[in-house]
Amino acid sequence: MCGVIGYTGGGRRDASSILVRGLARLEYRGYDSAGVAVHTGDGIVTRKLAGRVPDLQALLARSPVSGASGIAHTRWATHGAPTTRNAHPHVDCDERIAVVHNGIIENADTLRRALEGCGHKFRTETDTETLAHLIEDSPGETLEARVIAALELVVGTYGLAVMSADEPGKIVVARQGSPVLLGIGDDEFFVASDASAIIEYTRSVVHLNDGDIAVLTPQGYHILDRESHVQLRAVDDVTWDLEAIALGPYAHFMQKEIFEQADTVRGTLRGRLMFDEGVARLNGLNITPDDCAAINRITIVACGTSWHAGLVGRQIIESLAQIPVTVEYASEYRYRRPLPASNTLTIAISQSGETADTLEAMRAARAAGSRVLGIVNVVGSTIARESDGGIYLHAGPEIGVASTKAFTSQIVALALLGVYLGQQRGLPLEARRDLLCRLAQLPTLVSRVFALEPHVRRLAEEFVDARNALYLGRGVNFPVALEGALKLKEISYIHAEGYPAAEMKHGPIALIDAEMPVVFLAPHDEVYTKVLSNMQEVRARGGRIIAVTTEGNGDLGGLADHQLRVPATAPLLSPVLTVIPLQLLAYHIAVLRGCDVDRPRNLAKSVTVE
Ligand code: G6P
C-alpha cells in the first residue's frame, strides 16, 4: 500500500531524480497517483498528478524542479478518489510543511473538523492532509518536536515523511504500523517503504520500530522515541542486489518470477537438507525439543496466496508430524479473540512480512499465550522481527503484484518444517530421508514444467474470451485450485472460482455448460481416481476440461480436452509443480487480454492497511 521515499544529500545529487527513480521501484505498492515535494532552497515545490510514475516523470520534464532534499509518494487510494488533488505530498495552509504518508489516520474526520474550526483550509479529501495541518498547528522549536506533538493526537497507522520550508535539508520520519526504513549513505540519507527504492545508492538500512521518530539531515540521522529520548537501532545490510529487481529479458515481473522458481525453490532449500540424519536444518526456529513436545496444536494465519500456502501446509504438517493444524484468515482470526493458546504454535505466513492483518493476528496469538513463528520472504520485515523464530524463504524480492514464487517457496518451507516437526514426533528416518530427497529434486522438476509453456499459451488463446472459469482439486491440490482461480481473477479480471472437486456437486455444477472452462488438478496421488469421477461429472454436462496431471498417469483423452503433464514427485509436494501451469495460464490470458499484468487494477502488493 502506497510507496514512500525521501532523500537528503546536501546538494550531492538532485533530489527530484532520485525520488522519481525510487518511486518507479515502489510502484508495485500502489499506482493510482504520484507526486514529489522538493526543497529548492527557497521553499517547498510540489508536483503531482493522478496517474503512474512515468506520467509524473513527464510532468517533471515539462516543469522541472530541483533541490537537495525532498519526499515523494505513489498512492493506493483509501480516503478520497485517486485524483491529482488527492495525490500526495499534502501541504499545510501556507505550503510550508509537506507530508507523504502510508497508512490510515482513523480519527481524521474528528481532527479535520477541529482544525477547520480553527480556520485551517483543507484542499483534499484525504486523511493525510490532516497531518500537515496538525503539524502546522503544533508547538515546538523544531520540526521533529512539532511532529511528535501532532502525533500525540493521531489514532491510526502511518509510515510518514515530513519536510518544512523553514528547515532545509531536514526530513522527519515516523512509523506506527506501516513499514518504513532509513537508508544510510555517505553524507546522504534516505527514507523508503522498502529497500528496493534505494538499493542503487546504499545497502545499509535501519528498520524502524513502531513509535520511532527519525530525523535525517545531510550531516547524519538520529532516532527518537515519543519522549524525545534517543534510540539506538541496528544498521542491517541488504543481502540482494539491483539485478534481483531488474526485469532483464522478461516482459513482466510476474513472468520473470514464474520462471525464477527453480532457483527460488533452490534458495529456500539451500543448506537445510541433512540427508544422513534425515533432518531439516532450520536454525532460525528457536524451538527446543521440550517446546516441540508441548505443542498440541498449530494455527496458521495468513492472507491471500500465503493463506493458500497455509492450506497446503496443513496437510503436510498433519501428515508428517501428526499435529492438528487449523488455517485461519488473519483478518478473521484477529477479531475473534483467540482462546488461551499456551500449547499452540502459531505460524504467520507472509511474503512481505508487513501485511497488517497477518501482523495483528500474530500479535493476538502471542497475547493469548502462543509461541509465534514467521514464514517470511522479506528479511528484516516486521513479522520477521516480531516472531519468536521462523524460516526465511530466500526467494529474493517479489515485485509482481500477483504472488508466484513466494507461494512455491512457502510450500517448500512448510515441508521443511513438517520434516523438522516430524522428526521430533517420531516420523521414521526412512520417510524423512525420502521426503528430503524429493525436496532436493524439486528445482530440476520445476525447470521441466516450463516445457509446457507453448501448450499453455495455446490454451490461453482458446480461453481468452472466457467470462468464468472453475478450478477443481482435492486434498493437497484443492488449495492449488484456489490459487489458480485467484491468479486468473487478479490479473485477467475473469471471474474464477476454486472448489474442492467433490463439493462442486453441491452448487457450482449448475454453472457448467459448453462455455465453462474447468481446470482439474489431477496429479497422481491417493485421490486421483476420485478426481477422475468428478471429471466424468463435468464431462457429462459438456464442460471444457483442462487437466493438470502427472507424467506417467494414464491418458485422460476420453475425459479431458487438454492435458498438461507435470513430473511426478511426492504427492504432498505436488502443489509446487501443479501450480506452475496455472500461473502461466493466468499470465498468458492476461497478456492476450491486454491487461497490465504487474499492476492489476485496484490491487496492491503489500497490504499494510486492514
Ligand atoms: C496481497 C497480494 C497477494 C498476497 C497477499 C498477502 O493481496 O496482492 O499477492 O498474497 O497480499 O501478502 P503477504 O505479503 O502477507 O504474503
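You'll find the structure just up there.
Note that the coordinates shown come from a computational prediction; the quantities given were computed from them, not determined experimentally.

Asks: Mind showing me how you'd approach the packing of aromatic side chains here?
Replies: To describe a pair of aromatic rings, you give the distance between the ring centres and the angle between the ring planes. Inspection of every chain in the model, using the stated rule, returns six aromatic pairs. Between Y7 and F190, the aromatic rings sit 5.1 Å apart at their centres with planes inclined by 50°, giving tilted as the arrangement. Taken together, the positions of Y7 in strand β1 (residues 3-8) and F190 in strand β10 (residues 189-192) put the pair 183 residues apart, joining distant regions of the chain. In terms of burial, Y7 and F190 fall into one category: buried. Relative to F450, the ring of F259 has its centre 4.7 Å away and its plane inclined at 45°; by these criteria the two rings are tilted. Taken as a pair, F259 in helix α6 (residues 253-259) and F450 in the loop between α14 (429-449) and α15 (453-463) lie far apart in primary sequence, 191 residues in all. In this structure F450 comes out as buried when scored by relative accessible area, which is 14%.

Asks: Explain the nonpolar core to me, please; I cannot follow it from the model alone.
Replies: Side chains of a nonpolar character, in soluble globular proteins, are inclined to be buried together. The biggest cluster of nonpolar side chains holds 94 residues, and the ones touching the most others in it are I298, I317, I347, L421, L439, Y471 and L585. Here the element with the most residues in this core is helix α13 (residues 405-424); it accounts for 12 residues. With near-sequence residues (within four places) excluded, I347 lies in contact with I298, T299, I300, V301, I317, L373, I375 and L417. Membership of the second largest hydrophobic core comes to 32 residues, among which are I5, Y7, L60 and I198.

Asks: Honestly, the site of the ligand in this entry has me stumped. Any pointers?
Replies: The full set close to the ligand counts 13 residues, and S306, S350, Q351, S352 and T355 are the nearest of them. Take T305: an N or O atom from its main chain is 3.0 Å from an oxygen atom of the ligand. A distance of 2.5 Å is found between an oxygen atom of the ligand and a side-chain nitrogen or oxygen belonging to S306. Protein contacts shield 90% of the accessible area of the ligand, which totals 390 Å² for the unbound molecule. Per element, the largest residue contribution to the shell around the ligand is three residues, and it comes from helix α9 (residues 304-321). Among the residues making up the shell around the ligand, the classes are represented as four nonpolar, eight polar and one charged.

Asks: Can you walk me through the pattern of salt bridges in this structure?
Replies: It is possible for side chains of opposite charge to pair when their charged atoms get near one another. For the structure shown, the criterion picks out 33 salt bridges. Ionic pairing is found between R96 and D166, a salt bridge with its closest N-O pair at 2.6 Å. On the criterion of sequence distance, the pair formed by R96 in the loop between β5 (90-91) and β6 (97-102) and D166 in the loop between β7 (158-164) and β8 (171-176) is long-range, its members being 70 residues apart. Classification of R96 by relative accessible area gives partly exposed; the value is 36%. Across the pair D210 and R175 runs a salt bridge whose closest N-O atoms are separated by 2.8 Å. Residue D210 is located in the loop between β11 (204-207) and β12 (213-217), and its partner R175 is located in strand β8; the two are separated by 35 residues in the primary sequence. Given a relative accessible area of 28%, D210 falls into the partly exposed group. Ionic contacts of the salt-bridge type, sharing partners, join the residues R175, D210, E360, R363 and E386 into one network.

Asks: Got a minute to help me understand the sheet that holds strand β4 (residues 69-75) in this structure?
Replies: Within a beta sheet, neighbouring strands are joined by backbone hydrogen bonds and run either parallel or antiparallel to one another. Read from one edge to the other, the open sheet built from eight strands follows the order β3-β2-β4-β1-β10-β9-β11-β15, with strand pairing classed as antiparallel. Edge positions in the sheet fall to β3 (44-50) and β15 (236-237), since each of these pairs with one other strand and no more. Here helix α1 (residues 15-26) sits on the sheet and contacts β1, β2 (33-39), β4 and β10; the angle it forms with β1, its principal contact strand, is near 155°. Sitting on the sheet, helix α2 (residues 53-62) is in contact with β2, β3 and β4, with an inclination near 135° to β3.

Conventions adopted
Residues numbered from 1 in each chain as written. Predicted model: local features only at pLDDT ≥ 70, side-chain atom pairs only at ≥ 80, totals over all residues. Heavy atoms only, no water. Phe/Tyr/Trp six-rings, centres within 6.5 Å; stacked < 30°, edge-to-face > 60°. Helix = DSSP H or I, 4+ residues; strand = E, 2+ residues; numbered from the N terminus. Buried < 20%, exposed > 50% of the residue type's maximum accessible area, 1.4 Å probe, protein only. Core = buried A, V, L, I, M, F, W, Y, C linked by side-chain atoms within 4.5 Å. Contact = heavy atoms within 4.5 Å. Near = heavy atom within 4 Å. Polar contact = N/O pair within 3.5 Å; in protein donor to acceptor, adjacent residues only side chain to side chain. Areas by Shrake-Rupley, 256 points an atom, 1.4 Å probe, with all protein chains shown as cover. Nonpolar A, V, L, I, M, F, W, Y, C, P; charged D, E, K, R; others polar. Salt bridge = Lys/Arg side-chain N within 4 Å of Asp/Glu carboxyl O. Pairing = 2+ DSSP bridges. Axes fitted to C-alpha atoms, helices over the stretch in contact; angles between N-to-C directions.

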